[in-house]
Each structure stands twice: as structure tokens, then as C-alpha cells.
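# Tertiary structure, described
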Amino acid sequence: MKKLLVANRGEIAIRVMKTAQKMGIKTVAVYSTVDRNAPHVKFADQAVCIGEAPSSQSYLRGDRIVEVAKSLNVDGIHPGYGFLSENAHFAELCEENNLTFIGPRSKAIKIMGSKLAAKEAVKNYNIPMVPGIDEAITDVKKAKQIAKEIGFPILIKASAGGGGKGMRVVEKESDLESQMNRAISEAKSAFGDGSVFIEKYVTSPRHIEIQVMADSHGNFLHFFERECSIQRRHQKVVEEAPSSVLTPQLRKEMGEAAIKVAKACDYLGAGTVEFLLDENHNFYFLEMNTRLQVEHPVTEWITGADLVELQIKVARGEKLNIEQDDLKINGHAIELRVYAEDPLNDFLPSVGHLAKYKIPEGHGIRVDNGFEEGMDVPIYYDPMLSKLITYGKTREETIQMMIKAIDNYKVDGVETTLQFGKYVFEHEAFRSGNFDTNFVKQHYSPEIIKAQMQDKAKLAALIGLKHYLKDQKLLRLPH
């Protein structure tokens, strides 16, 4: 592979290109009109504009991307995450045009892209699943019957869904009909598919996922777990590795279960198997993400692996040159997704001009970044600015480094999740490791951060006043 096109933008495009360059592979960036001066465009060896700002006219134009790749004699396409990364049709399009798609085969993407097909694929492998129904339904009467059998609370989920869309928790029967109709219409508008299914709602779950990697020679590896329980609107904001609650035995069992899931769909490349862990430490298969995850850096730091490099090597047909026993957990890593969002206003996107943008640096700090000072944050895409990752020998050390890194991350012009992150890392529930996916609901309110900010402002004013009075005193002293 001599030339690689990255079918993405922002921090993930740069992240992939860094590894490609390290491997001596030339890189091609694609961009929309609004991203003309974006860092990923400057970073690549070549860059081509593929359309207007809306992603449907640019980053989602698989046909246009393949056209560009062929015209520039590209060997492979890396989709990053989001956009076309889990689009089976795009993977097929690459295959048909003799372009190496750096990801799984289209068949695996199709199976795991439907939560119901995924459940069907893994059910012969003796993998624990949340009690529920493994068929899509739209009939409310039938839904009520199933709900009574498995018991409330239940979770209604879009079969084609992700990112928390088409998902509803129902506490009692009287709410079922309205919530189901809302889930169906949300799923239809988000995914073009209104099919939903029902499962038991695990009340205090932790979200634990296992990183897997498979080659075309029948080798499967897992790279341990990531804890992703700190979420807002069913989407992750903080991730860490390893989890503070897994025993070596449970880690082994979950790793083996994840490999079974990968084998069930004849997987190739990097993927992530997601599980729910209940308060009694029983785990249940949730879904498989058939791509690189946003939070892959925490795994890279604790294992020493470059997951993008392994993705490229496996896609080239190479054999994995490591064995499961070679992989060891070393230290602790935490990631905060830095979104241009307002935590004081229900985490709504906060777009604007980055009047000031300085990222923290130093030993044990990694920032996968896609922005620079003076840029505008566009309204067309996911509002993630960067990923801030810290690494230390222990969890406590890593948390402290993260708090310091947040303090040294300077952003003016948009609201960000930095202050929210700091609130999480300073919170006793997070520090003790005793938390679940309800952390935000149970412990966070905008009022708390507002109060903290007012206290800081008061303190700054008092310090300022003290300095002012001291200066005045010095001026009055006879010289």
C-alpha cells in the first residue's frame, strides 16, 4: 500500500494520517467547501474538495470519494468513524473498484449493523444477552404482552439505531404506547427504518466494551476493556482503560465472549464488542461496532499497540504478529471528548469562532485534535473539537493529570465540555469507581457548575483586589 485516502475529517483524519506517514504511506485528504482550510487538509500529502458543506453532499458521497481515489491511484481507503465507516454499500463499492477498504468485509458490517441480525448471529455461541425479544415489532398490543413477560422497566430500541436515537426507557405499562410511537418515528427519521425491539432495562448498568482485532489468517485478539459509563443522551463523554471494576477472571471471560462475537460474523480488522455489566457483575452482549472507536487511544496507551497500524496491516493481508499472551495491561488511561457543546444548556451544540485555542502539552498527555485558533466550528458536523487523553501508572495519577490538562486547555469563542469533564473527574463517585451510566442523571446539574464558576470568579476578584491594594500601598510608600 503506497497511497491511502482518508474518507473523513477533523481529528480522526489526522490521527489516521499520522500512522500512515509513519508507515511510509502517502496520504490523501478529502474535504468539503467549509473545511477548505482545516488542519487535516494541510496535513495530507494531497487534498481534494468533494462537495458542499452538508455531509450528504460531501463526506457521505461514497461514489465521489471512490472516483477521487481512482483518479489519484489510491490503494486503500480508511473511513475513520462516523460518516461511511459502517456503510456496507461503501465497503462493497471499494471492493468492486479494487480499493482496499480498511475495515471489515461488507457482510460483517451488514450483520452487526442491525441489532436484531447481530443477536441472531451470536445466539449459537452461548453469549449472555439481556432478556427480551429478538424480532422487530410495531404492534403495541404485542409489545404490551412482551413487556409483561419480561417485567418493567423495559427498553425500546431502534434495530438500525445508534447514538441513543430511537431509544426509550418505559417504567410502566400506561406509558408504553406513546413511548413506542415516539421511538418508531424517531428511528424512521434517523435511520429510514422504524423497526424497534424490546428488552429488559438493566437499571444500574456499566457500559464495558472490548477491543478486538482479527486477521484473514484466522487469528483473533482482544485488547482488554474500556469503561464508557459516563454518558450524556446515551452517548459517551468519558472513557477509560482498564475498568476499575473488572476482576482478571471477568476480564478474561468478557474478552473470550468478544472474540466469539467476532468469529460469529467472520470479522476482519478492528472492532469493538459492547456489553452491559449489571450491579451483580453479570455481563450481556449489547452490540458490535464494526470500525475504529473514538476512544481507541486509551487502549493504545495501556497496551502499547497502534490500532490504526494493525488495521492497515490486516487490510493488506498480513498476519497478526502478536499473540493473546503477549498483551498486558500497563498503567491507566482516561479520555475526555472535548465537544463544542454547552453543558449548562442540555449539552446543545455551541458553534462559533475559536478566538483562542491552546491545547495542553506535556508528559502523559495526548490530544487528538482537529482544530486551531482562528477557525470557525461548523454547524454541519459532529461538534467534537478533540479528544484529551492522559496516561499514568495508576488511576489516581491519571485523574490528577487530566484535571491539570483541562486547566491548561484554553478555549474562547465556544462553550465546551471541559468544565463538565473537570466536574466528573473531581466527583467522589467517579474517583471511587462507584458509578454507572446514570452518573449524569444522578450527580450532575448545570446549577452545580454555575455555582462553581461563580465561586471561582469571586476568588479571582478577591485575589485581584488584594494585588490592587498591595500595589496602591507600594505606590504610596515614600521613595
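Here is a short report on the structure shown in this document. Worth saying up front: this structure is predicted, and the values here are computed from it rather than measured. (Residues numbered from 1 in each chain as written. Predicted model: local features only at pLDDT ≥ 70, side-chain atom pairs only at ≥ 80, totals over all residues. Heavy atoms only, no water.)

Moving on to a nonpolar patch on the surface. Judged by side-chain polarity, V34, V351, I379 and Y380 come together as a nonpolar surface patch covering roughly 360 Å² of accessible area. Within the element layout of this structure, V351 appears in the loop between β16 (348-349) and β17 (356-358). Looking at V351, the relative accessible area reads 40%, which means it is partly exposed. (Patch = residues over 30% accessible without salt bridge, like charges linked within 9 Å, V, L, I, M, F, W, Y side chains within 5 Å. Areas by Shrake-Rupley, 256 points an atom, 1.4 Å probe, with all protein chains shown as cover. Salt bridge = Lys/Arg side-chain N within 4 Å of Asp/Glu carboxyl O. Helix = DSSP H or I, 4+ residues; strand = E, 2+ residues; numbered from the N terminus. Buried < 20%, exposed > 50% of the residue type's maximum accessible area, 1.4 Å probe, protein only.)

Here the structure, examined in full by the defined rule, presents 39 salt bridges. A salt bridge links K142 to E135; the shortest N-O distance between them is 3.3 Å. When its relative accessible area of 31% is taken as the criterion, K142 is described as partly exposed. For E135, a relative accessible area of 38% translates into the label partly exposed. The partner of E295 in a salt bridge is K236, with the nearest N and O atoms 2.9 Å apart. Here E295 is found in the loop between β13 (283-289) and α10 (296-303), whereas its partner K236 is found in strand β11 (residues 235-241), with 59 residues between them in sequence. Accessibility classification places E295 together with K236 in one group, the buried group. In this structure, a network of salt bridges that share partners links the residues E11, R15, K22, E300, D306, E309, K313, R366, D368 and K387.

Looking now at the sheet that holds strand β8 (residues 196-200). Strand order in the open sheet formed by three strands is β7-β6-β8, and the pairing between neighbours is antiparallel. Whereas interior strands pair on both sides, the edge strands pair on one side only; in this sheet they are β7 (167-170) and β8. Pairwise comparison of adjacent strand axes, ignoring direction, gives a mean angle of 20° for this sheet. Relative to β8, helix α6 (residues 115-122) is tilted by about 55°, and along the sheet it contacts β6 (154-158) and β8. Helix α7 (residues 140-150) rests against β6 and β8 of the sheet, and its axis sits at about 20° to β8. (Pairing = 2+ DSSP bridges. Axes fitted to C-alpha atoms, helices over the stretch in contact; angles between N-to-C directions. Contact = heavy atoms within 4.5 Å.)

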